[in-house]
Amino acid sequence: MLPGIDLRIANLIKAVQQIILPALPAEEKLAQEQARLVVGHLNIIQQQWKYAVRFEAGSLNAMTALAERIVGELSGAQGEALAEALAGAKKADHADLNSIEQAIVSLGSAIDAVILGDEGRIPLPQAVIDAILDYGTRQSLRERVWFAGNGLDPDKAQLPELSEVIQG
């Protein structure tokens, strides 16, 4: 039987903490800091890996909903480019993390182009602005919850559970 991902990550953490860190000379502050950073990231990855596909699929679903909400408010090349990216995003395989991530990048780039609007020369309709702000509010909460394990959020205790925000 092969060791599972959790056990493998735990063994990496143990190796860094019990073997590598103690072997580093006291004057090698940067090396010690980087080793502790590796341990911190491994701890977060250990918490997240089982949920990564669902979390990213939820991010794609939220971004797709945003695109659907604003595409009808746009005209010309902006609307066409967003509609094309939206069609591509809807074809993403929601069981494949790479497919989801590629769709997020593609659709996100099209939404960014709408927001930038020919270097600010194309004003956004108020409905588009409202949709983007609504999306940003929900997505920022999801991302705060996703990275709560880093311990940097000052309001971590008030954040909902991952299960409450994972689907978008």
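Chemist: I'd like to hear about the nonpolar core, residue by residue, with values.
Modeler: With 24 residues, the main nonpolar core has Leu60, Leu66, Leu82, Leu107 and Ile111 as its most contacted residues. Where this core is concerned, the elements lending two or more residues are α3 (52-71), α4 (76-90), α5 (97-120) and α6 (126-146). Not counting residues within four places of it along the chain, the set of residues in contact with Leu60 comprises Ala89, Ala92, His94, Ile100, Ala103 and Ile104. Membership of the second largest hydrophobic core comes to seven residues, among which are Val16, Leu21, Ala35 and Leu42.

Chemist: Describe a nonpolar patch on the surface, with residues and values.
Modeler: A cluster of nonpolar side chains, contributed by Ile5, Ile45 and Trp49, occupies part of the molecular surface with about 240 Å² of accessible area. Turning to its location among the elements, Ile5 is positioned in helix α1 (residues 5-23). On the basis of relative accessible area, Ile5 is assigned to the partly exposed category, the value being 34%.

Chemist: I'd like a description of the packing of aromatic side chains, backed by residues and values.
Modeler: Inspection of the entire model under this criterion finds one aromatic pair. Aromatic side chains Phe55 and Trp146 sit 4.2 Å apart centroid to centroid with 10° between the ring planes, which places their arrangement in the stacked category. Here Phe55 is found in helix α3, whereas its partner Trp146 is found in helix α6, with 91 residues between them in sequence. Over the aromatic face of Phe55 sits the side chain of Arg142, whose NZ or CZ is 4.1 Å from the ring centroid.

Chemist: Break down the side chain of Gln139 for me, citing the residues and quoting the values.
Modeler: One can find Gln139 in helix α6. By relative accessible area, Gln139 is classed as buried at 7%. Of the polar contacts made by the side chain of Gln139, one reaches the side chain of Arg142; its length is 3.2 Å. Sequence-distant contacts of Gln139, defined by excluding residues within four places in its chain, comprise Ser59 and Ala62.

Chemist: Help me get a handle on the pattern of salt bridges, residues and values and all.
Modeler: Tallied over the entire structure, the rule returns four salt bridges. The shortest N-O distance in the salt bridge between Asp134 and Arg69 comes to 3.1 Å. Separated by 65 residues along the polypeptide, Asp134 in helix α6 and Arg69 in helix α3 bring together distant segments of the chain. Classification of Asp134 by relative accessible area gives partly exposed; the value is 33%. A salt bridge links Asp153 to Arg144; the shortest N-O distance between them is 2.6 Å. For Arg144, a relative accessible area of 33% puts it in the partly exposed group.

Chemist: Would you mind going over the packing of α1 against helix α2 (residues 29-48) in detail, with residue names and values included?
Modeler: One can describe the packing of α1 onto α2 by two numbers: an axis separation of 10 Å at closest approach and a directional angle of 165°. With respect to each other, α1 and α2 are oriented roughly antiparallel. The handedness of the crossing between α1 and α2 comes out as left-handed. Between α1, through Asp6, Ile9, Ala10, Leu12, Ile13, Val16, Gln17 and Leu21, and α2, the contact on the second element is made entirely by Gln32, Ala35, Arg36, Val38, Val39, Leu42, Asn43, Ile45 and Gln46.

Chemist: Talk me through the environment of Ala65; I want residue IDs and the actual numbers.
Modeler: Looking at the element boundaries, Ala65 is found in helix α3. Residue Ala65 is classed as partly exposed on the basis of its relative accessible area of 39%. Taking the C-alpha atoms as reference, Ala65 lies 35 Å from Gly4; in sequence the two are 61 residues apart.

Calculation criteria
- Residues numbered from 1 in each chain as written.
- Predicted model: local features only at pLDDT ≥ 70, side-chain atom pairs only at ≥ 80, totals over all residues.
- Heavy atoms only, no water.
- Core = buried A, V, L, I, M, F, W, Y, C linked by side-chain atoms within 4.5 Å.
- Buried < 20%, exposed > 50% of the residue type's maximum accessible area, 1.4 Å probe, protein only.
- Helix = DSSP H or I, 4+ residues; strand = E, 2+ residues; numbered from the N terminus.
- Contact = heavy atoms within 4.5 Å.
- Patch = residues over 30% accessible without salt bridge, like charges linked within 9 Å, V, L, I, M, F, W, Y side chains within 5 Å.
- Areas by Shrake-Rupley, 256 points an atom, 1.4 Å probe, with all protein chains shown as cover.
- Salt bridge = Lys/Arg side-chain N within 4 Å of Asp/Glu carboxyl O.
- Phe/Tyr/Trp six-rings, centres within 6.5 Å; stacked < 30°, edge-to-face > 60°.
- Lys NZ or Arg CZ within 6 Å of the ring centre and 35° of its normal.
- Polar contact = N/O pair within 3.5 Å; in protein donor to acceptor, adjacent residues only side chain to side chain.
- Axes fitted to C-alpha atoms, helices over the stretch in contact; angles between N-to-C directions.
- Parallel < 35°, antiparallel > 145°, perpendicular 65-115°, else oblique.
- Left-handed = near helix turned anticlockwise from the far one by under 90°.

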